[in-house]
There are 2 protein chains.
Amino acid sequence: MVGKDKSAVIRFAKETECGTILEFIKSLAEYEKLLDDVQATEEMLREYIFNRHIAEVIFAEVDGQPVGFALFFHNFSTFVGRPGIYLEDLFVKPEYRGRGIGKQLLVYLAGLAKERGCGRFEWAVLNWNKSAIAFYESLGAVPMNEWTVYRLAGNALDKLANT
Amino acid sequence: MVGKDKSAVIRFAKETECGTILEFIKSLAEYEKLLDDVQATEEMLREYIFNRHIAEVIFAEVDGQPVGFALFFHNFSTFVGRPGIYLEDLFVKPEYRGRGIGKQLLVYLAGLAKERGCGRFEWAVLNWNKSAIAFYESLGAVPMNEWTVYRLAGNALDKLANT
């Protein structure tokens, strides 16, 4: 993909780039109107991404500068019997949108999924984000409309843990 | 929990028990009317659970026999900056239901989530499974109704990877 007009170079983020990762996370949260929910710090990202390898991060770089990122981890399907890639965050700076950089990040992860023997590539989208949904459906992604994710957190999680 | 009437002992599954894990996966798939979707084999479970540690399995045991299981893995929230526990499968044999064994498995995982510093405990439920939903809501779990999961698999995944 290098050399193609307006395209980005996709590469794994480095441990020294946790500040940039956090900036991207905050920019995405702001776009999703969830900025107040961000509790992550550079230290937490360093610990869980680069020390414990619970998640991985790739950057899309233009002219040597990261302009977008994807953060992902492996999930596991008991039915397929194989891991999958779950994309937690995808973000491209507004001024670099419209040139296929988001798609380049997705193509890279789809290739990584095949390379690592994964059966699925999944992510969640906010229902009001119609432009993202149209884009994902154009790639052949299918909504899991018959399922709902339930979440326990905060006091409810503490309470169940202490039952 | 040992010694309490009708209660089960919760413990991690062993590598020699992949056959039992696969039976539980198939029983759950049958209940979910998705049995034809099960492609997992004992060898795949051995590889991904006990060799590569991509997922983990706990058993609920009554009178020394596994009667239920939970399969889970770690996800990661960029907003919280910490991992979570994602419960992929939860199943208790029909003849052992109604005595709180499913809840024991959830309590165990909630405790594990706290112990491991996780901020969230999540799982997906089929929308028609009203009894499960009522149970989860009674525990304080909240539906992520504003999000939809999208999935790329099979030919669509191959096609994107080869873009």
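Computed from a predicted model, the values in this text were never measured in an experiment.

**Side note on the overall build of chain A**
Turning to step 1, where the next piece is worked out: A count of helical and extended segments in chain A gives five helices and seven strands.
Turning to step 2, where the next piece is worked out: Along its sequence from the N terminus, chain A presents helices and strands in the succession β-α-α-β-β-β-α-β-α-β-β-α.
Turning to step 3, where the next piece is worked out: Computed over C-alpha atoms, the radius of gyration of chain A comes to 17 Å, within 12% of the 15 Å expected from 2.2 N^0.38 for 163 residues, which places it in the range of a compact globule.
Turning to step 4, where the next piece is worked out: Expressed along its principal axes, the backbone C-alpha trace of chain A runs to roughly 60 × 35 × 30 Å.
Turning to step 5, where the next piece is worked out: Across the 163 residues that make up chain A, the buried fraction comes to 53%.
Turning to step 6, where the next piece is worked out: Surface summary for chain A: the accessible area is close to 7,700 Å², and the carbon and sulfur share equals 48%.
Turning to step 7, where the next piece is worked out: Distance between charge centroids for chain A: 5 Å, based on 19 positive and 22 negative side chains.

**A short note on the packing of helix α1 (residues 18-31) of chain B against helix α2 (residues 42-51) of chain B**
The axes of two packed helices give the description: the angle between them and the distance between them.
Residue and element names in this part refer to chain B.
Turning to step 1, where the next piece is worked out: Contact pair α1 / α2: the axes reach a minimum separation of 9 Å and the direction vectors enclose 105°. Taken as axis vectors, α1 and α2 run roughly perpendicular relative to one another. The segment α1 lies against α2, with Cys 18, Gly 19, Ile 21, Leu 22 and Ile 25 engaging Glu 42, Leu 45, Arg 46, Ile 49 and Phe 50.

**Side note on the side chain of Arg 120 of chain A**
Turning to step 1, where the next piece is worked out: Tracing the backbone through its elements, the reader meets Arg 120 of chain A in strand β5 (residues 120-126).
Turning to step 2, where the next piece is worked out: Here Arg 120 of chain A is buried and forms no salt bridge, its nearest opposite-charge partner Glu 122 of chain A lying at an N-O distance of 4.3 Å.
Turning to step 3, where the next piece is worked out: Looking at Arg 120 of chain A, its side chain comes within polar contact range of the side chain of Ser 77 of chain A, at 3.3 Å.
Turning to step 4, where the next piece is worked out: Beyond its immediate sequence surroundings of up to four residues, Arg 120 of chain A is in contact with Ser 77, Val 80, Pro 83, Gly 84 and Ile 85 of chain A together with Arg 151, Leu 152, Ala 153 and Leu 157 of chain B.

**Remarks on the environment of Ile 25 of chain A**
Turning to step 1, where the next piece is worked out: With respect to the helices, strands and loops of the structure, Ile 25 of chain A is situated in helix α1 (residues 18-31).
Turning to step 2, where the next piece is worked out: Spatially, the C-alpha atom of Ile 25 of chain A lies 24 Å from that of Arg 120 of chain A, the residues being 95 residues apart in sequence.

**Description of the sheet that holds β5 of chain A**
Turning to step 1, where the next piece is worked out: On the basis of which strands lie adjacent, the open sheet formed by seven strands has the order β1(A)-β2(A)-β3(A)-β4(A)-β5(A)-β7(B)-β6(A) and mixed pairing. Of all strands in the sheet, those with a lone pairing partner are β1 (9-12) and β6 (142-143) of chain A, marking the two edges.

**Focus on the packing of helix α5 (residues 154-161) of chain A against helix α3 (residues 101-115) of chain B**
Turning to step 1, where the next piece is worked out: Viewed as axis vectors pointing N to C, α5 of chain A and α3 of chain B meet at an angle of 115°, and their least axial separation amounts to 7 Å. The handedness of the crossing between α5 of chain A and α3 of chain B comes out as left-handed. Across the interface between the two elements, Leu 157, Asp 158, Leu 160 and Ala 161 of chain A from α5 of chain A touch Lys 103, Leu 106, Val 107, Ala 110, Gly 111, Ala 113 and Lys 114 of chain B from α3 of chain B.
Turning to step 2, where the next piece is worked out: Considering only residue class, the contact of α5 of chain A with α3 of chain B consists of seven nonpolar, one polar and three charged.

**Some thoughts on the sheet that holds strand β1 (residues 9-12) of chain B**
Turning to step 1, where the next piece is worked out: Strands sit in the order β1(B)-β2(B)-β3(B)-β4(B)-β5(B)-β7(A)-β6(B) across an open sheet of seven strands; the sheet is mixed. Of all strands in the sheet, those with a lone pairing partner are β1 and β6 (142-143) of chain B, marking the two edges.
Turning to step 2, where the next piece is worked out: As defined by bridge partners, strand β7 (residues 147-153) of chain A adjoins β6 of chain B across two bridges and the pair is classed as antiparallel. The residue bridging Tyr 150 of chain A from the neighbouring strand is Pro 143 of chain B, located in β6 of chain B.

**Focus on the relation of the copies chain B and chain A**
Turning to step 1, where the next piece is worked out: The two copies are related by a screw operation: chain B maps onto chain A through 180° of rotation and 0.0 Å of translation along the axis, at an RMSD of 0.0 Å. Such a combination of rotation and displacement between the chain copies is what one expects of a two-fold axis. Closest to the rotation axis within chain B is the C-alpha of Asn 75 of chain B, separated from it by 3.6 Å.
Turning to step 2, where the next piece is worked out: Mapped onto chain A, 100% of the interface residues of chain B are again interface residues, and the two copies thus contact each other with one and the same surface.

**Here's the deal with the confidence of the model for chain A**
All names here are of chain A.
Turning to step 1, where the next piece is worked out: Of all residues in chain A, 96% attain a pLDDT of 70 or more, and the chain-wide mean is 94.
Turning to step 2, where the next piece is worked out: Low pLDDT, under 50, characterises residues 1-5; the stretch is placed with four contacts to residues that sit more than four places away or in other chains.
Turning to step 3, where the next piece is worked out: In the predicted complex, the global pTM is 0.93; the interface-specific ipTM is 0.92.

What counts, and where the lines are drawn
- Residues numbered from 1 in each chain as written.
- Chains lettered and ligands numbered in written order.
- Predicted model: local features only at pLDDT ≥ 70, side-chain atom pairs only at ≥ 80, totals over all residues.
- Heavy atoms only, no water.
- Helix = DSSP H or I, 4+ residues; strand = E, 2+ residues; numbered from the N terminus.
- Rg over C-alpha atoms; globule rule 2.2 N^0.38 Å.
- Buried < 20%, exposed > 50% of the residue type's maximum accessible area, 1.4 Å probe, protein only.
- Areas by Shrake-Rupley, 256 points an atom, 1.4 Å probe, with all protein chains shown as cover.
- Lys, Arg positive; Asp, Glu negative; His and termini not counted.
- Charge placed at Lys NZ, Arg CZ, Asp CG, Glu CD.
- Axes fitted to C-alpha atoms, helices over the stretch in contact; angles between N-to-C directions.
- Parallel < 35°, antiparallel > 145°, perpendicular 65-115°, else oblique.
- Contact = heavy atoms within 4.5 Å.
- Salt bridge = Lys/Arg side-chain N within 4 Å of Asp/Glu carboxyl O.
- Polar contact = N/O pair within 3.5 Å; in protein donor to acceptor, adjacent residues only side chain to side chain.
- Pairing = 2+ DSSP bridges.
- Left-handed = near helix turned anticlockwise from the far one by under 90°.
- Nonpolar A, V, L, I, M, F, W, Y, C, P; charged D, E, K, R; others polar.
- Least-squares fit on C-alpha atoms with pLDDT ≥ 70 in both.
- pLDDT = per-residue confidence, 0-100.

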